[in-house]
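# Secondary and tertiary structure notes
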Amino acid sequence: MALRNTRQLLTVKKNQIAYFSMEIGFRSDIPTYSGGLGVLAGDTLKSFADLGIDVVAVTLLNEKGYFKQNIDEWGYQREEYTSWPFEKELEKLDVTINVFIEGRIVKVSAWRYNLVGVKGKKVSIIFLDTNLEDNHDDDRGLTSHLYGGDNLYRLRQEIVLGIGGIKILRELGYNPRKYHMNEGHAAFLILELYRELHSLSDEKGVYEDEKKRILQELCSFTTHTPVAAGHDVFPNEMIEKQLGSVMPKYILDLVTRDGKFNMTLLALNYSSYVNAVARKHQEVSKRMFPEFHIHYITNGVHSTTWVSDRIAAVFDKHIIDWRVNPLELRNSYKIPLEELQSAHQKAKQDLFDYIKETQGVEFDTNIFTIGFARRATGYKRAELLFRNIDWLKHISRTVGKIQLVFAGKAHPHDDNGKHIIQHIINLSKELSPTVDIVFLENYNMDVSLKMVSGVDLWLNTPKRPLEASGTSGMKATHNGVPSLSIPDGWWVEGLIEGVTGWGIGQEIITEHDDNKIDEMDANDLYEKLEKQIVPLYYNDPMAYVTVMRNAIAINAAYFNTHRMVNQYLVGAYARNNKV
Ligand SMILES: *Cc1c(COP(=O)(O)O)cnc(C)c1O
């Protein structure tokens, strides 16, 4: 039987996972990431390498990276685009394949970077590159800019990532048993697997249902955003023009809604295992896609990447094996409070040295310091803390002085986001010297580590339920920095009130008016600061350090990528996943 042959071919797989992601952030100076999604991908691959799991990753070269952020004299974001020295950092591979875009041949070549785990195991990251002489000028730039250009540019990039990625893997001799799509950007890989399946069957009349079942066994999918606009869709005509006969009619009909081709639906239909990135996010995703079974695997961060040197020295002394097995961080109760406090003060000094050096501003390590850093965009509500400036000043004047450190980029096309940054910078002039505020330029992984380890409290104020997971709070928790956050995303699971940090408002709210929600949340935020957090910090420092230590023992021990990839192995990558 033809089909049995096909099945045989498909089941003789090496025990290998292919991990596809549009962005991967694994080193601060390699700007192939824009934010949370990319850093998560990098952290995940580092844990795979540490644990010796056989994984190969595929992404785009992103030759010009994401942009460098400069703030001009009016507090307005300016973007600077520069290439990164990828020829020096990556190894050129001797492979080229063709993909078809708008009927043209586009040649794709590849570069490799090997991540080395704690025990010396390697995970290769394959970077796809279309900047080749033979290519049409338009196509040469397809792997230049991460999230640059328009919808057509994005579609073409996704063709290169999905279809080009599979073809390159084949050229390099890879034959993985699972393909993981980290977000829907990579879902075109299904088209290439579908084509392979078709060409492998001696009998062409394999039913679509059967093909679907076979492909589902090969694919798993992680969805990352509860924001409807975050799911890629392309007008049907654009898909037909760009992909032509590469797009099977059956699939086109299956995943088109209201004339738009939906990448998330493509991935959902052809994956045996689909997951959201936090328990709360699972609920939200199920409501968005009720016809699919959606699991959850809550995100984590890579522990040795996200613990500052100061805190790592304390862990090395008291927690056996934490670098190999971060679940051991549960033993943080053995760390003497004074040692944790003193290591934290050093990390705080390191951050303040950086602030002095880059901003020329002198911050005082004896003053309670709050950090906030995320992409400047509406739903993250960076300005919530300033809703009632008089109240904020009152706390700083009468309860205990407050300093604030902000950072974050706005997407180049997001003027609203740029105005949020400008507003915060203007406020820093207005509020000084009652509340000192500094905005650090060019938020990246290095700045992030300095901030999450150097402040006393990590603030996160997203609009519910739009924070899929959030990971910067997990980085903070790894450094003993508790969060004050809206119970959304990971914080629904991580928050034990007054023990691991503090919540703002309730998880479930019945109010629908955005303005009223902001008002309620801001009031609760000020109440918590005024009545609980600031007094605890100044009047009972050891009780504050106890919360810091709880944050490590209870939350860092759990919200790490080692725990997370283990869950992917038994869930998403299980051998006999059936829908
Ligand atoms: C961790 C990180 C993020 C993601 O943080 P969230 O809390 O998920 O918003 C974004 N950008 C950089 C540079 C990071 O290091």
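Regarding its fold elements, the protein chain presents 22 helices and 20 strands. Computed over the C-alpha atoms, the radius of gyration of the protein chain is 24 Å, within 12% of the 25 Å expected from 2.2 N^0.38 for a compact globule of 579 residues. Its C-alpha atoms give the protein chain principal-axis dimensions of about 80 × 50 × 50 Å. Counting over 579 residues, the protein chain shows a buried share of 61%. A fraction of 73% describes how many contacts in the protein chain between residues 6 or more apart in sequence connect residues 24 or more apart.

Between helix α2 (residues 36–51) and helix α22 (residues 561–572), the least distance of the axes is 9 Å, while the angle of their chain directions is 80 degrees. Between α2 and α22, the angle is such that the two are roughly perpendicular. Along the contact surface, α2 presents L40, D43, T44, S47, F48, D50 and L51, while α22 presents T561, H562, M564, V565 and N566. Residues of the contact of α2 with α22, tallied by class, amount to 5 nonpolar, 5 polar and 2 charged.

Attention shifts here to unusual backbone geometry. The general pattern is negative phi for most residues beyond glycine and trans for most peptide bonds. Here S432 and P433 are connected by a cis peptide whose omega angle stands at 0 degrees. Its location among the elements puts P433 in the loop between α16 (415–431) and β17 (435–440). In the segment running from R464 into P465, the intervening peptide bond is cis, with an omega of -10 degrees. By the element assignment, P465 lies in the loop between β18 (457–460) and α18 (472–478). Phi at N62 is positive, roughly 45 degrees, even though this residue is not glycine. Given a relative accessible area of 1%, N62 falls into the buried group.

Below, the discussion takes up the nonpolar core. Counting residues in each nonpolar core, the largest one holds 67 residues, and the members touching the most others are F20, Y179, F188 and L189. Ranked by residues supplied to this core, first place goes to helix α5 (residues 151–171) with 9 residues. Sequence-distant contacts of Y179, that is, excluding residues within four places in its chain, are made with A18, F20, I166, L169, R170, L189, L193, L218, C219 and S220. Counting residues in each nonpolar core, the second largest holds 58 residues, with L340, I421, L427 and F439 among its members.

Let us look at the pattern of salt bridges. Under the counting rule described, the total for this entry stands at 36 salt bridges. Where R213 meets E210, a salt bridge forms, and the shortest distance between an N and an O atom there is 2.8 Å. Residue R213 and its partner E210 are located together in helix α7 (residues 208–218), separated by 3 residues, close to a single helical turn. E210 sits in the buried class, given a relative accessible area of 13%. Salt bridges linked by common partners bring R381, R387, R464, D518, E519 and D521 together as one network.

Now for the site of the ligand. As a structural note, the neighbourhood of the ligand is formed by 14 residues, with R374, G470, T471, S472 and K475 the closest of them. Here K475 contributes a side-chain N or O atom positioned 2.6 Å from an oxygen atom of the ligand. Protein coverage of the free-state accessible area of the ligand, which is 390 Å², stands at 92%. At the level of secondary structure, the elements contributing two or more residues to the shell around the ligand comprise α2, α17 (445–454) and α18.

Let us look at helix α15 (residues 389–399). I389, W391, L392, K393, I395 and S396 are the residues of α15 that are buried. If you follow the buried residues of α15, they end up packed against β16 (402–407), α16, β17 and α20 (514–539).

One pass over the full model with this rule turns up 3 cavities of 30 Å³ or more. Forming the boundary of the largest cavity are 14 residues, of which F372, R374, A376, A382 and A407 lie nearest the centre. Secondary structure elements with two or more residues in the lining of the largest cavity: β16 and α16. Ranked by residue count, the leading element in the lining of the largest cavity is α16, at 3 residues.

Before going further, it helps to spend a moment on the sheet that holds strand β12 (residues 260–262). Strand order in the open sheet made by the 3 strands is β10-β12-β11, with antiparallel pairing throughout. Both edges of this open sheet fall to β10 (233–235) and β11 (256–257), since each of them pairs with a single strand only. Direction of pairing for β11 relative to β12: antiparallel, over a ladder of 2 bridges. Across the sheet, residue T256 finds its bridge partner in β12, namely F261.

The rules behind the values
- Residues numbered from 1 in each chain as written.
- Predicted model: local features only at pLDDT ≥ 70, side-chain atom pairs only at ≥ 80, totals over all residues.
- Heavy atoms only, no water.
- Helix = DSSP H or I, 4+ residues; strand = E, 2+ residues; numbered from the N terminus.
- Rg over C-alpha atoms; globule rule 2.2 N^0.38 Å.
- Buried < 20%, exposed > 50% of the residue type's maximum accessible area, 1.4 Å probe, protein only.
- Contact = heavy atoms within 4.5 Å.
- Axes fitted to C-alpha atoms, helices over the stretch in contact; angles between N-to-C directions.
- Parallel < 35°, antiparallel > 145°, perpendicular 65-115°, else oblique.
- Nonpolar A, V, L, I, M, F, W, Y, C, P; charged D, E, K, R; others polar.
- Core = buried A, V, L, I, M, F, W, Y, C linked by side-chain atoms within 4.5 Å.
- Salt bridge = Lys/Arg side-chain N within 4 Å of Asp/Glu carboxyl O.
- Near = heavy atom within 4 Å.
- Polar contact = N/O pair within 3.5 Å; in protein donor to acceptor, adjacent residues only side chain to side chain.
- Areas by Shrake-Rupley, 256 points an atom, 1.4 Å probe, with all protein chains shown as cover.
- 1 Å grid on protein atoms, 1.4 Å probe; cavity = no way out; pocket = protein on both sides within 12 Å on 5 of 7 lines; lining within 4 Å.
- Points joined across faces, edges and corners; volume = space filled by probe spheres on them.
- Pairing = 2+ DSSP bridges.

Note that all results are geometric; they support no functional claim without further evidence.
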